There are 2 protein chains.
Amino acid sequence: MENTKLKVFIPFLYLVWSDDLLTQKEHLVLKKFISVQNWLKDDEKVALISQLSISNAPSRFTMTNWKSEINTALEHNPEARSLFDIVIELSNNGSAISEFATNFIQLENDLGILGEDVISNFKKNVITFTSTHQSDPTFEISKLTQILDGEQSEIIQKVKSIITRPEFAYETSTDTAIYREKVYQWCKILARENLGNMAYPKKYGGGENIADYFAIMETLSYHDLSLVIKFGVQFGLWGMSIHSLGTEKHYQKYLKDIGTLKLPGCFAMTETNHGSNVKGLETTATYNHQNKTFVINTPHEKAQKEYIGNAAIHGQMATVFAKLIINEVDYGVNAFVVPLRNQNNQILNGIIIKDCGLKMGLNGVDNGTISFDNVIIPKDNMLDRFASVNEQGKFESPIPSDNRRFFTMLGTLVGGRIGIPRSALAAAKSGLTIAIQYSDKRKQFGPEGGEEVSILNYRMHQRRLFPLLAKTYAIHFALQYVTNRFIKRTDLEMPEIEALAAGMKAYSTWNTTATLQECREACGGKGYLSENRIGVLKSDTEIYTTFEGDNTVLMQLVAKNRLSEFRKTYGKMDAMGIISYVYENTKTVIAEKNPIITRKTDEAHLLDATFHLSAFEYREKTILASAAKRLKKLIDGGLEPYDAFNVVQHQMIDVAQAYLDRVVLEQFIIAIDKFEDSKSKDIVNKLSQLYALSLLDKNKGWYLEDGYLEAIKTKAIRKMVNQLCWELRPEAISLVKAFAIPDSCLSAPIAL
Amino acid sequence: MENTKLKVFIPFLYLVWSDDLLTQKEHLVLKKFISVQNWLKDDEKVALISQLSISNAPSRFTMTNWKSEINTALEHNPEARSLFDIVIELSNNGSAISEFATNFIQLENDLGILGEDVISNFKKNVITFTSTHQSDPTFEISKLTQILDGEQSEIIQKVKSIITRPEFAYETSTDTAIYREKVYQWCKILARENLGNMAYPKKYGGGENIADYFAIMETLSYHDLSLVIKFGVQFGLWGMSIHSLGTEKHYQKYLKDIGTLKLPGCFAMTETNHGSNVKGLETTATYNHQNKTFVINTPHEKAQKEYIGNAAIHGQMATVFAKLIINEVDYGVNAFVVPLRNQNNQILNGIIIKDCGLKMGLNGVDNGTISFDNVIIPKDNMLDRFASVNEQGKFESPIPSDNRRFFTMLGTLVGGRIGIPRSALAAAKSGLTIAIQYSDKRKQFGPEGGEEVSILNYRMHQRRLFPLLAKTYAIHFALQYVTNRFIKRTDLEMPEIEALAAGMKAYSTWNTTATLQECREACGGKGYLSENRIGVLKSDTEIYTTFEGDNTVLMQLVAKNRLSEFRKTYGKMDAMGIISYVYENTKTVIAEKNPIITRKTDEAHLLDATFHLSAFEYREKTILASAAKRLKKLIDGGLEPYDAFNVVQHQMIDVAQAYLDRVVLEQFIIAIDKFEDSKSKDIVNKLSQLYALSLLDKNKGWYLEDGYLEAIKTKAIRKMVNQLCWELRPEAISLVKAFAIPDSCLSAPIAL
């Protein structure tokens, strides 16, 4: 190829023979191009076209020469932006070639070549900002940890000091019996350290500190989740059912032994046929006034108690929920203490226990089914805080409605709906810590000729993980808020707090499922190995969206609570009523709906917390009003309310979702406002912006339908989400390190 | 309460004492209301208010009486729609009360009561259409099965007849060693039945039937997924690497023994440091011309082969991908057959194998790491279809570019990217069959006083499962299409088919992950028990989104292929070029953008396949053009192409997604068009409408931003999605039964 005229084809020949995206089709395109170039002689055409025959491929040596010719050309003209710029170099800037610029550029197009892309592939050691981005935190990790731990800092330290002891090394056996026993022994250690009875009254050996109890649940969740659930069953469900539903005589008899784990027990509510609809439980407790006993009975197989933790192996007693029957009158569901095993762990007469067998996760917890074959228990075993049988054998209760009494009883157990989302939160933190630390170290691909790049520098990888990191931070503060509301609750606030706890249980556990899914995928094959723990975190928390109330059912409860509040405020609605409802407390909304504002896209506005919160509130109120209006319309139109609620079920979930989004954002903003360390404040504030904007982006369909946002603004929001992710990249490692999860708990080799 | 004036308060008194949504606050509201009613005497007020004191709750007996008074009133006036209607009945239609209608209605509002809802709670045996909806299929299951199975019906039957034999009962041991051995024995049975070698040439004992091979992979996936993967590693990856990359001498030496499983082997490509970026593999194969051998070596720990199936226990040989070095020149990655173990299963000298240990799933597959310590293999062990070392010790290849040669080699292995999405499809079908059959039988909640209702009658439950059912059907036909394209491929079509297979691998496996997640949650606690198999389906398929190419990386490959096609067609773009591109082949689009059409919401239009496909095509083309435009703008603005691609990475995923959505819908419509059985055609057509509309609903943000749809239409689409779900409810059981998954494979007690 000495002929300069032929030499100018080198870049194209090299490309069609080397680029894996160019194919046989491109050979044909180039062949055709050559054949119509009038400035080439016929023999030149033949020589060139012969270089394109599949049966006459250039040698690897020829390719290497071509490549070095191109490299030389590029050294002469580093500003080259298209293949034609190289062509000109190769032709020694021959003006003859310049005439054919259009032809060559057309050829580049026909081959589908992006000139700059191809050229950058020839360059050595390209510096790109994608490659050079890296960790470069601007705040002190320990200061943020202090803010996250808050007043519970001391108990969190204590729990960490225990679960990092050698005896808490993870159990690796796949033998369920060994695993269950290990978890049981761990629980005993925790009991000895006075962690189990933390919420019980001091009078019965407890710590009388509910805030610390929840912090214990959350911190333990950095370790094995079977341990947390077994711990929660024993000290939370079993112990707290005695404390919440029983009276002094029960406290005296049981609480101390429960707190020391001398008396392992169960919480036996769910039945095979009644999970979500617990009001329909069928187990019976029939009162016999002659000997002042109850007969506990399972009427048929599908009324057995199911999934009961601690039942299969260790439980010696259970709080059993059963319909109280006195003289053939059904007084609704009440709670009774029923012995299951003696102290030698032998199952008692009339008790039938089956093992639930292997589960998807949490195999360190011994779940079982329990049936009762006319088991007799003394009258004192009725947990009688809310209802009792008096000396005359008559039913007595301060709450006359069976329904209401039952829901009041359930209300006292709402603590479980705080412990679970907090445990889920910790699992999400573990997953994010593993995935983000690994993604920082893991390198894959890079600019041609350059080094491989940390996968955390890829925008898509950031988009997958950082909005979840932001949401997890947001939920942290929201759950602190719910915990505080619960601890300081008054009777008047109970319906709101119950709805809030139910909703946040769904919100946090769904976040954990989604987060761990993304973390697993982000870690690729390494994420699938058990040693890296994402798999077990995923499998163990999978049931969190179901137990303590199926999330979808809970979301409907939340929505019903919102609707009921709405009706109280606005009553029979007319159009004006709805409008005033939506506008009330959304002071900026009229300004927002102004076309200039619905299109406002400057950075200061997009990052403004007031804008975020107004948008969230607006959505919350509008969706609620619209659901209420639709329900009313359906019922006015003759639908049975039960059918009407079914028709709008999908909207009901949105009502709850929008409410929770607003609460979480609001609490996040309030919490950040109180940060004293300005550097962590700046960064966590960015997380809050990312949380808000990524939700606005997710819900943009709704905002556009409504007209609250216009397309120009939703597009600007999407860009801002990407930008925030990029800006958070240097802070990401420090943000997960601030969770301060002990290395022995993370354990994953890829994270250490 | 004999006084009629007092009697009218019964409904309110009953309600504040019974309704679990009314609280202390409502007591206060009612108390206040009573105190300001001028038509009550002071002593009447006192009597009423005393009934509201918490310390003076009515007895359960009083409550029962109140309730029966209300019931009687309702029998007199079954048309009552508000509490005030009952009040009028109780007052014996006293005109005195009617005067106070406004007061009482205001009270209802203040209490947040929905009158109709409360009243329906008093009615007995309410008939609601939610309760009476049920299975009532309109088509013959077997006819649909026949359509789904198509030409592979016979081999599918054969595979089913084998995997339903008693020896294929699922292994329940948690001991990995036992499970692995069982899976290996199952593979031997399948080999004996000539299923493993189905795709190999007849000359080497095979069936020479690739279509049947894929049908085998898919049908086996109704059974244990470890079995499918072990089967795929042996006969697909190991066997097909010999067949695709080797030549006659290798076929003669290995293929028959691979097909009978006499020679178990591995496919050793991935290394710890190089998973997605396989071009960067670091294992070396150094040629020694003196004794005509290669030395295979692992240069450092992180260059070990990782996650290699069949390596930990059974593999005797492996196809090893390594950089070929001749005289210190690196000729890029090539493939070599390397013995790992002798026939007594002893590991050979220089081979270091470690067990990957427990994984999240697929524990019946023995994945391991392999390192090579200067292992010597004969020259003949190089798989030399695309490159070889000649008699003179020189490198030879018909493909001069190392890069291109490597991607050509990978291209021949694209079959794996068809087997995996088809296996994933089967797992999604299993999950849907279990979840939908259980949801039909499972009853929970119901109208007050009525029976509990099948949870499949709840709209939200339908919304969670049916769009996924529709998508799974859609993917079924799309994968049939990809398989056919692959079998009938020409070289010219290869880039398109490779992109299609890569894309559908991501599309199908992500669908499976999402579907099984929803199925698990839809089955509640039962879905968590291992016996019901959703857990193991979930855990086993979790890695499908990673192996055979990380989905996110594959989607970028697809997008790059689309961009390259786009450039070939449109070259340097100007605004008109893009517009003409978008409009080309989207003939209806100009009509669609007409305001009357963007708002068109009549049922016939919303259900019209032409509308669906136009909308999908419009989105595909617009997103592609916009990504191309943005990339060009960024590069023109001076960004390195590598950085520019990173900036638009999020959009690249959308490009691929929109392309795949369109292909899947298009193939679904084409397939349905060929149905001969008109009854199944009608129903599957509904699934296609649901698939299309639920995706339009999901992407409504984009369509609204673009202006292709207006809010009135996106709202109508959402309603139509709900309506289609409701209409499909009676067909749902038959639609999953048409998958015809053997009961012994489903195995889940809740589904049988």
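Every chain begins its residue count from 1, and numbering advances along the sequence as written. All chains are assigned letters beginning with A, and all ligands numbers beginning with 1, in the order in which they are written. Predicted model: local features are reported for residues with pLDDT of at least 70 only, side-chain atom pairs are reported and counted for 80 or more only, and whole-chain, interface and lining totals are derived from all residues. In computing side-chain properties, one takes all heavy atoms of the structure into account and sets aside hydrogens as well as water.

### Topic: a positive patch on the surface
Residues Lys629 and Lys633 of chain A together with Lys715 and Lys719 of chain B make up a contiguous surface patch of positive charge. When accessible area is computed with a 1.4 Å probe and restricted to protein chains, residues below 20% of their type maximum are described as buried, those above 50% as exposed, and intermediate ones as partly exposed. We classify Lys719 of chain B as exposed; its relative accessible area is 55%. Patch rule: a residue counts if its relative accessible area is over 30% and it has no salt bridge; like charges are joined within 9 Å, and nonpolar side chains (Val, Leu, Ile, Met, Phe, Trp, Tyr) within 5 Å. Note on areas: Shrake-Rupley with a 1.4 Å probe; residue coverage comes only from the protein chains shown. Salt bridge criterion: a side-chain nitrogen from Lys or Arg within 4 Å of a carboxyl oxygen from Asp or Glu. Counted as positive: Lys and Arg. Counted as negative: Asp and Glu, with His and the chain ends omitted from the count. Each charge is placed at NZ for Lys, CZ for Arg, CG for Asp and CD for Glu.

### Quick notes on the UniProt feature "domain: Acyl-CoA oxidase/dehydrogenase middle" (unreviewed entry) in chain A
UniProt positions are given in the numbering used here, feature names are shortened, and annotations may be inferred rather than shown by experiment. Under the local residue numbering, the UniProt record ascribes the feature "domain: Acyl-CoA oxidase/dehydrogenase middle" (unreviewed entry) to residues 266–375 of chain A. When the span residues 266–375 of chain A is considered, its composition is 0% helix and 45% strand, and the gap between its end C-alpha atoms is 16 Å. Runs of H or I in DSSP of at least four residues are treated as helices and runs of E of at least two as strands, each being numbered from the N terminus.

### Quick notes on the UniProt feature "domain: Acyl-CoA oxidase C-alpha1" (unreviewed entry) in chain A
Under the local residue numbering, the UniProt record ascribes the feature "domain: Acyl-CoA oxidase C-alpha1" (unreviewed entry) to residues 411–560 of chain A. Between the C-alpha atoms that bound residues 411–560 of chain A there is a distance of 16 Å. The span itself is 69% helix and 0% strand.

### Considering the domain arrangement of chain A
Residue and element names in this part refer to chain A. Splitting chain A by domain gives domain 1 (4–123), domain 2 (238–412) and domain 3 (417–751). Each domain span listed reflects an automatic or database assignment of domains. Computed over C-alpha atoms only, the centres of domain 2 and domain 3 are separated by 37 Å. Contacts between residues were defined by any pair of non-hydrogen atoms, one from each residue, lying within 4.5 Å. If you look at the interface, domain 2 gives five residues, while domain 3 gives nine residues. Linking domain 2 with domain 3 are zero salt bridges. For this analysis, a polar contact is any N or O atom pair within 3.5 Å, provided that within protein one partner can donate a hydrogen and the other can accept it, and provided that sequence-adjacent residues contribute only side-chain to side-chain pairs. Viewed at the interface, domain 3 and domain 2 are joined by one residue pair in polar contact (both at pLDDT 80 or more). Here the side of domain 2 that touches domain 3 is built from residues that sort into two nonpolar, three polar and no charged. In the scheme used here, Gly and all other residues not listed as nonpolar or charged are polar, with Ala, Val, Leu, Ile, Met, Phe, Trp, Tyr, Cys and Pro taken as nonpolar and Asp, Glu, Lys and Arg as charged.

### Notes on helix α15 (residues 225–245) of chain B
Residue and element names in this part refer to chain B. At Val233, α15 shows its largest kink, close to 35°. Burial analysis of α15 places 18 of its 21 residues in the buried class, which makes it a mostly covered element. One side-chain oxygen at the N-terminal end of α15 lies 2.7 Å from the backbone nitrogen of Ser226; it belongs to Asp224. Axes are fitted to the seven residues ending at a residue and to the seven starting at it; the angle between these axes is taken as the bend at that residue.

### Some details on the sheet that holds strand β8 (residues 368–372) of chain A
All names here are of chain A. One bridge is not enough; two strands pair if DSSP finds at least two bridges between them. As summarised here, the arrangement of the three strands in space is β4-β8-β7, forming an open sheet in which the pairing is antiparallel. Only two strands of the sheet have a single partner each, and these edge strands are β4 (305–308) and β7 (351–355). Across the sheet, the mean angle from the axis of one strand to that of its neighbour is 25°, orientation sign disregarded. Every angle, taken between N-to-C directions, lies between 0 and 180 degrees, and every axis is a line fitted to C-alpha atoms, over only the stretch in contact when it is a helix.

### With respect to the sheet that holds strand β7 (residues 351–355) of chain B
Residues and elements named next belong to chain B. With antiparallel pairing, three strands are arranged side by side in an open sheet as β4-β8-β7. In this open sheet, the two edge strands, each paired with only one partner strand, are β4 (305–308) and β7. Taking the axes of each pair of neighbouring strands and ignoring which way they run, one obtains an average angle of 25° across the sheet. By the bridge criterion, two bridges tie β4 to strand β8 (residues 368–372) in an arrangement that is antiparallel. When the sheet's bridge partners are listed, Ile308 is paired in β8 with Gly368.

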